[in-house]
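Each chain, letter by letter, is given below.
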Amino acid sequence: MSLLDVRNLTKSFATGRDLLGRRTGWTHAVKDVSFTLDPGECLAVVGESGAGKSTVGRMVLRLIEPDSGSVEFESEDVLAASSGRMRGLRRGMQMIFQDPHSSLDPRMTVHDAVIEPLVVHTDIDRDTRRRRARELLDKVGIGSRYLGRYPAELSGGQLQRVAIARALTLEPKLIVCDEPVAALDVSVRAQVLNLLRDLQEELGLAYLFVCHDLALIEVIADRVLVMRSGEVVESGTVEQIYRDPAQEYTRRLLDAIPVPVPRTARVV
Ligand SMILES: Nc1ncnc2c1ncn2[C@@H]1O[C@H](COP(=O)(O)OP(=O)(O)OP(=O)(O)O)[C@@H](O)[C@H]1O
Ligand SMILES: [Mg+2]
């Protein structure tokens, strides 16, 4: 059984208004996108800027309401869930955003940011929460001396690790990662990517991994969905897409990889 079953997702945004505030046009951000994701699997969503990748990721978590289509998580209809039920579903599906500076509250300490989901969703006591925060920060490679620090005192890479710890707090089965390393210094990208891959293996997580850099994908993804102008133009295993891309568009995305090194020789 699939963990996630997405069928025919479609979304248009109104763009532009005339002087009277009337809508003048529509952007068809996502058209008829379907895919499944198994437990523990990583599906990369790639494509040029504006292809609709983030919109797909957000619709899966219902941060954006689709115009039509369906999303099933563990066979449950996500789009039909009440707001109460949605809270329950959100425990199982989390998100990591591109920019940890804007996804973490600057007034919250690292400890508070990591345990906030426990405060919201559970009645676990303070001592247990504190222990859990230490464990989680340990898991993502942040020492417990950072527990009392604020986001402004951490580097981008450290902040993204905190955001990852926070996403893990409720032991989700799925994490939607929207360009999780794109905003980081090149020097720490590989470390954070490797961390995500190690966590995936250790915890059996499934990732919907939005990314426009195909070089990153072979490190972490099992399958790839290639999007262009809101549509899926190609999909397959990482090996298929790398070795024999069916579309000229995908070939161009692959050609944009800075240093083409054979898969076996690549060290990240
Ligand atoms: N809230 C919004 N209002 C209007 N248009 C939007 C909105 N969100 C996205 N769009 C449009 O929908 C299309 C898809 O956007 P989306 O952010 O999903 O692309 P993307 O593939 O994630 O791009 P990028 O790689 O730049 O992040 C774009 O044309 C974008 O301008
Ligand atoms: Mg995006």
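Structure report, in brief. As the structure is a prediction and not an experimental result, all values here were calculated from the model.

1. Digging into the packing of helix α5 (residues 126-139) against helix α6 (residues 156-168)
Packing of α5 against α6 brings their axes to within 9 Å, and their N-to-C directions diverge by 125°. By the angle class used here, α5 and α6 are oblique. Helix-helix and strand crossings are classified by hand; for α5 and α6 the assignment is right-handed. Where α5 abuts α6, its residues Arg132, Leu136 and Leu137 lie against Val162, Ala165 and Leu168. A breakdown of the residues in the contact of α5 with α6 according to their chemical character gives 5 nonpolar, no polar and 1 charged.

2. A few points about the pattern of salt bridges
All told, the structure shown has 15 salt bridges when counted by the stated rule. A salt bridge links Asp67 to Lys11, with the shortest nitrogen-to-oxygen separation between them at 3.8 Å. Here the residue Asp67 occupies a position in the loop between α1 (53-60) and β4 (68-73), and Lys11 occupies one in strand β1 (residues 4-17), the gap between them amounting to 56 residues. Asp67 sits in the partly exposed class, given a relative accessible area of 48%. The class of Lys11 is buried, set by a relative accessible area of 12%. Of the charged contacts, one joins Arg62 and Glu65 as a salt bridge, the two residues approaching to 3.0 Å between their closest N and O atoms. Salt bridges sharing partners connect three or more residues here, namely Arg132, Glu135 and Glu171.

3. Overview of the side chain of Gln200
Along the polypeptide, Gln200 turns up in helix α7 (residues 186-203). By relative accessible area, Gln200 is classed as buried at 8%. Among the polar contacts made by the side chain of Gln200, one reaches the main-chain carbonyl oxygen of Gly40 at a distance of 3.2 Å. Apart from residues lying up to four places away in sequence, Gln200 is in contact with Gly40, Glu41, Cys42, Leu205, Tyr207, Ile220 and Asp222.

4. Quick look at the nonpolar core
Formed by 87 residues in total, the largest nonpolar core has its most connected members in Phe35, Val60 and Tyr207. Leaving out residues up to four positions away in the same chain, Tyr207 has contacts with Leu37, Glu41, Cys42, Leu43, Leu174, Ile175, Cys177, Leu196, Leu199, Gln200 and Ile220.

5. Digging into the layout of surface pockets
Empty space within the largest pocket amounts to approximately 460 Å³. Taken together, 20 residues form the lining of the largest pocket, with Arg90, Gln94, Met95, Phe97 and Arg166 sitting closest to its centre. Among the elements of the structure, α2 (83-92), β6 (93-96), α4 (110-121) and α6 are those that each provide at least two residues to the lining of the largest pocket. Residues of the lining of the largest pocket, tallied by class, amount to 12 nonpolar, 3 polar and 5 charged.

6. Brief notes about the state of the cysteines
Throughout the structure, instances matching the rule amount to 0 disulfides. Cysteine Cys42 is unpaired, with the sulfur of Cys177 as its nearest cysteine sulfur at 7.2 Å. Sulfur of Cys211: no disulfide; nearest cysteine sulfur belongs to Cys42 and is 9.4 Å away. Among the residues examined, Cys211 registers a relative accessible area of 3% and is labelled buried.

Scoring rules and cut-offs
Residues numbered from 1 in each chain as written. Chains lettered and ligands numbered in written order. Predicted model: local features only at pLDDT ≥ 70, side-chain atom pairs only at ≥ 80, totals over all residues. Heavy atoms only, no water. Axes fitted to C-alpha atoms, helices over the stretch in contact; angles between N-to-C directions. Helix = DSSP H or I, 4+ residues; strand = E, 2+ residues; numbered from the N terminus. Parallel < 35°, antiparallel > 145°, perpendicular 65-115°, else oblique. Left-handed = near helix turned anticlockwise from the far one by under 90°. Contact = heavy atoms within 4.5 Å. Nonpolar A, V, L, I, M, F, W, Y, C, P; charged D, E, K, R; others polar. Salt bridge = Lys/Arg side-chain N within 4 Å of Asp/Glu carboxyl O. Buried < 20%, exposed > 50% of the residue type's maximum accessible area, 1.4 Å probe, protein only. Polar contact = N/O pair within 3.5 Å; in protein donor to acceptor, adjacent residues only side chain to side chain. Core = buried A, V, L, I, M, F, W, Y, C linked by side-chain atoms within 4.5 Å. 1 Å grid on protein atoms, 1.4 Å probe; cavity = no way out; pocket = protein on both sides within 12 Å on 5 of 7 lines; lining within 4 Å. Points joined across faces, edges and corners; volume = space filled by probe spheres on them. Disulfide = S-S within 2.5 Å.

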